[in-house]
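Topology and contacts: notes
Given next are the chains, with one letter for each unit.
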Amino acid sequence: MEYYNRIVFINYLQQVELLESEDYRKIANDVFNPLIFISIASHADNSIVRPAGNPELLTYDQPTLRRLSGMVSYHRSSKFAISGAHRDMNMAAIKLIELIKNEYHLE
(Lines give C-alpha, C1' and ligand atoms only; values in the text may rest on other atoms or scores of the structure.)
Protein backbone atom coordinates (compact mmCIF):
# COMPACT_ATOMS: atom_id res chain seq x y z
CA MET A 1 0.00 0.00 0.00
CA GLU A 2 2.88 2.35 0.71
CA TYR A 3 3.90 2.29 -2.95
CA TYR A 4 0.41 3.18 -4.16
CA ASN A 5 -0.03 5.89 -1.53
CA ARG A 6 3.16 7.50 -2.79
CA ILE A 7 1.68 7.77 -6.29
CA VAL A 8 -1.18 9.87 -4.92
CA PHE A 9 1.26 12.06 -2.97
CA ILE A 10 3.51 12.62 -6.00
CA ASN A 11 0.49 13.55 -8.12
CA TYR A 12 -0.51 16.08 -5.45
CA LEU A 13 2.99 17.58 -5.38
CA GLN A 14 3.04 17.83 -9.17
CA GLN A 15 -0.28 19.71 -9.14
CA VAL A 16 1.12 22.15 -6.55
CA GLU A 17 4.22 22.62 -8.70
CA LEU A 18 2.09 23.26 -11.78
CA LEU A 19 0.15 26.00 -9.99
CA GLU A 20 3.38 27.54 -8.71
CA SER A 21 4.85 27.48 -12.22
CA GLU A 22 1.82 29.30 -13.59
CA ASP A 23 2.09 31.96 -10.86
CA TYR A 24 5.84 32.31 -11.48
CA ARG A 25 5.36 32.81 -15.22
CA LYS A 26 2.79 35.55 -14.60
CA ILE A 27 5.14 37.45 -12.30
CA ALA A 28 8.22 36.78 -14.47
CA ASN A 29 6.45 38.37 -17.44
CA ASP A 30 6.20 41.58 -15.42
CA VAL A 31 9.90 41.53 -14.50
CA PHE A 32 11.95 40.03 -17.33
CA ASN A 33 12.20 41.22 -20.91
CA PRO A 34 10.91 38.32 -23.08
CA LEU A 35 13.47 39.11 -25.79
CA ILE A 36 16.25 38.44 -23.28
CA PHE A 37 14.58 35.15 -22.28
CA ILE A 38 14.55 34.00 -25.89
CA SER A 39 18.27 34.65 -26.23
CA ILE A 40 19.28 32.80 -23.04
CA ALA A 41 17.20 29.63 -23.42
CA SER A 42 19.05 26.66 -24.86
CA HIS A 43 16.95 24.66 -27.28
CA ALA A 44 19.26 21.66 -26.98
CA ASP A 45 18.55 20.81 -23.34
CA ASN A 46 16.00 23.42 -22.20
CA SER A 47 18.51 25.02 -19.82
CA ILE A 48 18.95 28.71 -19.14
CA VAL A 49 22.32 30.37 -19.64
CA ARG A 50 22.98 33.59 -17.72
CA PRO A 51 23.19 36.48 -20.18
CA ALA A 52 26.31 38.60 -20.47
CA GLY A 53 26.25 41.81 -18.51
CA ASN A 54 23.29 42.82 -16.40
CA PRO A 55 20.17 43.10 -18.58
CA GLU A 56 17.67 45.71 -17.54
CA LEU A 57 14.48 44.51 -15.87
CA LEU A 58 11.04 45.67 -16.95
CA THR A 59 10.34 46.79 -13.38
CA TYR A 60 12.29 47.43 -10.21
CA ASP A 61 9.17 47.55 -8.07
CA GLN A 62 10.25 45.96 -4.77
CA PRO A 63 6.95 44.16 -3.96
CA THR A 64 6.94 42.61 -7.45
CA LEU A 65 10.58 41.51 -7.12
CA ARG A 66 9.86 40.02 -3.68
CA ARG A 67 6.87 38.10 -5.08
CA LEU A 68 9.09 36.76 -7.87
CA SER A 69 11.76 35.76 -5.35
CA GLY A 70 9.15 34.03 -3.21
CA MET A 71 7.83 32.11 -6.20
CA VAL A 72 11.34 30.94 -7.07
CA SER A 73 11.76 29.72 -3.49
CA TYR A 74 8.40 27.90 -3.52
CA HIS A 75 9.15 26.33 -6.88
CA ARG A 76 12.58 25.17 -5.69
CA SER A 77 11.05 23.63 -2.55
CA SER A 78 8.46 21.81 -4.65
CA LYS A 79 11.17 20.38 -6.89
CA PHE A 80 13.04 19.07 -3.83
CA ALA A 81 9.83 17.60 -2.40
CA ILE A 82 9.03 15.83 -5.66
CA SER A 83 12.58 14.50 -5.90
CA GLY A 84 12.39 13.16 -2.35
CA ALA A 85 8.97 11.64 -2.98
CA HIS A 86 10.30 9.86 -6.08
CA ARG A 87 13.23 8.54 -4.06
CA ASP A 88 10.84 7.30 -1.33
CA MET A 89 8.56 5.74 -3.94
CA ASN A 90 11.51 3.93 -5.46
CA MET A 91 12.37 2.47 -2.04
CA ALA A 92 8.73 1.46 -1.53
CA ALA A 93 8.78 -0.23 -4.95
CA ILE A 94 11.91 -2.19 -4.02
CA LYS A 95 10.23 -3.34 -0.80
CA LEU A 96 7.08 -4.29 -2.72
CA ILE A 97 9.07 -6.32 -5.22
CA GLU A 98 10.87 -8.12 -2.39
CA LEU A 99 7.55 -8.86 -0.68
CA ILE A 100 6.10 -10.29 -3.89
CA LYS A 101 9.21 -12.40 -4.50
CA ASN A 102 9.10 -13.77 -0.95
CA GLU A 103 5.35 -14.33 -0.94
CA TYR A 104 5.31 -16.19 -4.22
CA HIS A 105 8.74 -17.81 -3.82
CA LEU A 106 10.14 -16.22 -6.95
CA GLU A 107 13.84 -16.46 -7.79
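This write-up is about the structure you can find in this document. (Residues numbered from 1 in each chain as written. Predicted model: local features only at pLDDT ≥ 70, side-chain atom pairs only at ≥ 80, totals over all residues. Heavy atoms only, no water.)

Section: the overall build of the protein chain
How we decide: Helix and strand assignments follow DSSP, with helices taken as H or I runs no shorter than four residues and strands as E runs no shorter than two, numbered in order from the N terminus. With a 1.4 Å probe rolled over the protein chains alone, any residue whose accessible area is under 20% of its type maximum counts as buried; one over 50% counts as exposed, and the rest are partly exposed. Every residue pair with non-hydrogen atoms within 4.5 Å of one another is taken to be in contact. In summary, the charge assignment counts Lys and Arg as positive and Asp and Glu as negative, without counting His or the chain termini. Where a charge sits is defined by one atom per residue type, namely NZ (Lys), CZ (Arg), CG (Asp) or CD (Glu).
Helix and strand counts for the protein chain stand at 3 helices and 0 strands. In the protein chain, the succession of helices and strands from N to C terminus is α-α-α. If one aligns the C-alpha atoms of the protein chain with their principal axes, the spans along those axes are about 65 × 30 × 15 Å. Put simply, the protein chain has 107 residues, and 19% of those count as buried. Of the contacts made within the protein chain by residues no fewer than 6 positions apart, 79% connect residues no fewer than 24 positions apart. If you average the places of the 11 positive and of the 13 negative side-chain charges in the protein chain, the two averages end up 4 Å apart.

Overview of helix α3 (residues 62–103)
Defined as follows: The span one expects for a helix is its residue count, reduced by one, times 1.5 Å.
Here α3 spans 61 Å end to end across 42 residues, near enough to the 62 Å set by a 1.5 Å rise per residue. Looking only at α3, the buried set comprises Thr64, Leu68, Met71, Ser78, Ile82, Gly84, Ala85, Met89, Ala92 and Ala93. Along its buried surface, α3 packs onto α1 (2–31). A positive phi of about 55° marks histidine 105, the residue just after α3.

Some details on a nonpolar patch on the surface
The condition that has to hold: Patch membership requires over 30% relative accessible area and the absence of a salt bridge. Like charges are linked within 9 Å, and nonpolar side chains (Val, Leu, Ile, Met, Phe, Trp, Tyr) within 5 Å. To be clear on the numbers: accessible area is Shrake-Rupley with a 1.4 Å probe, and residue cover counts the displayed protein chains and nothing else. We define a salt bridge as a side-chain nitrogen of Lys or Arg found within 4 Å of a carboxyl oxygen belonging to Asp or Glu.
Together, Ile100, Tyr104 and Leu106 make up an exposed nonpolar region whose accessible area comes to about 310 Å². In this fold, leucine 106 is placed in the segment after α3.

Details of the environment of alanine 41
Along the chain, the position of alanine 41 falls in the loop between α2 (34–40) and α3. If we skip the residues at most four places from it in the chain, alanine 41 touches Ser47 and Ile48.

Regarding the pattern of salt bridges
Opposite charge on two side chains permits them to pair, given that their charged atoms come into close proximity. On inspection of all chains with the given rule, the structure shows 2 salt bridges. A salt bridge links aspartate 88 to arginine 6, with the shortest nitrogen-to-oxygen separation between them at 3.8 Å. One end of the pair, aspartate 88, is in helix α3; the other, arginine 6, is in helix α1, and 82 residues separate them in sequence. What makes aspartate 88 partly exposed here is its relative accessible area of 32%.

Some details on the packing of aromatic side chains
The geometry of an aromatic ring pair comes down to the distance between the two centres and the angle between the two planes. Quick note on the threshold: Ring pairs shown here join Phe, Tyr and Trp side chains whose ring centres sit within 6.5 Å, with only the six-membered ring taken for Trp; geometry is labelled stacked below 30 degrees between planes, edge-to-face above 60, and tilted in between.
Scanning the model with the defined rule gives 1 aromatic pair in all. The interplanar angle of 85° and the centroid separation of 5.2 Å between the aromatic rings of tyrosine 3 and tyrosine 4 together place this pair among those described as edge-to-face.

Regarding the environment of serine 47
Rules: Two N or O atoms count as a polar contact when they lie within 3.5 Å, although within protein this holds only if one can serve as hydrogen donor and the other as acceptor, and sequence-adjacent residues are included solely when both atoms are side-chain atoms.
By secondary structure assignment, the location of serine 47 is in the loop between α2 and α3. Through-space distance from the C-alpha of serine 47 to that of arginine 25 is 16 Å; in sequence the pair is 22 residues apart. Within polar-contact distance, the side chain of serine 47 engages the side chain of aspartate 45 at 2.7 Å.

Here's the deal with α1
The first and last C-alpha atoms of α1 sit 43 Å apart over 30 residues, in line with the 44 Å expected at 1.5 Å per residue. Among the residues making up α1, those that are buried are Ile10, Leu13, Glu17, Glu20, Ser21, Ile27, Ala28 and Val31. Buried-residue contacts for α1 involve α3.

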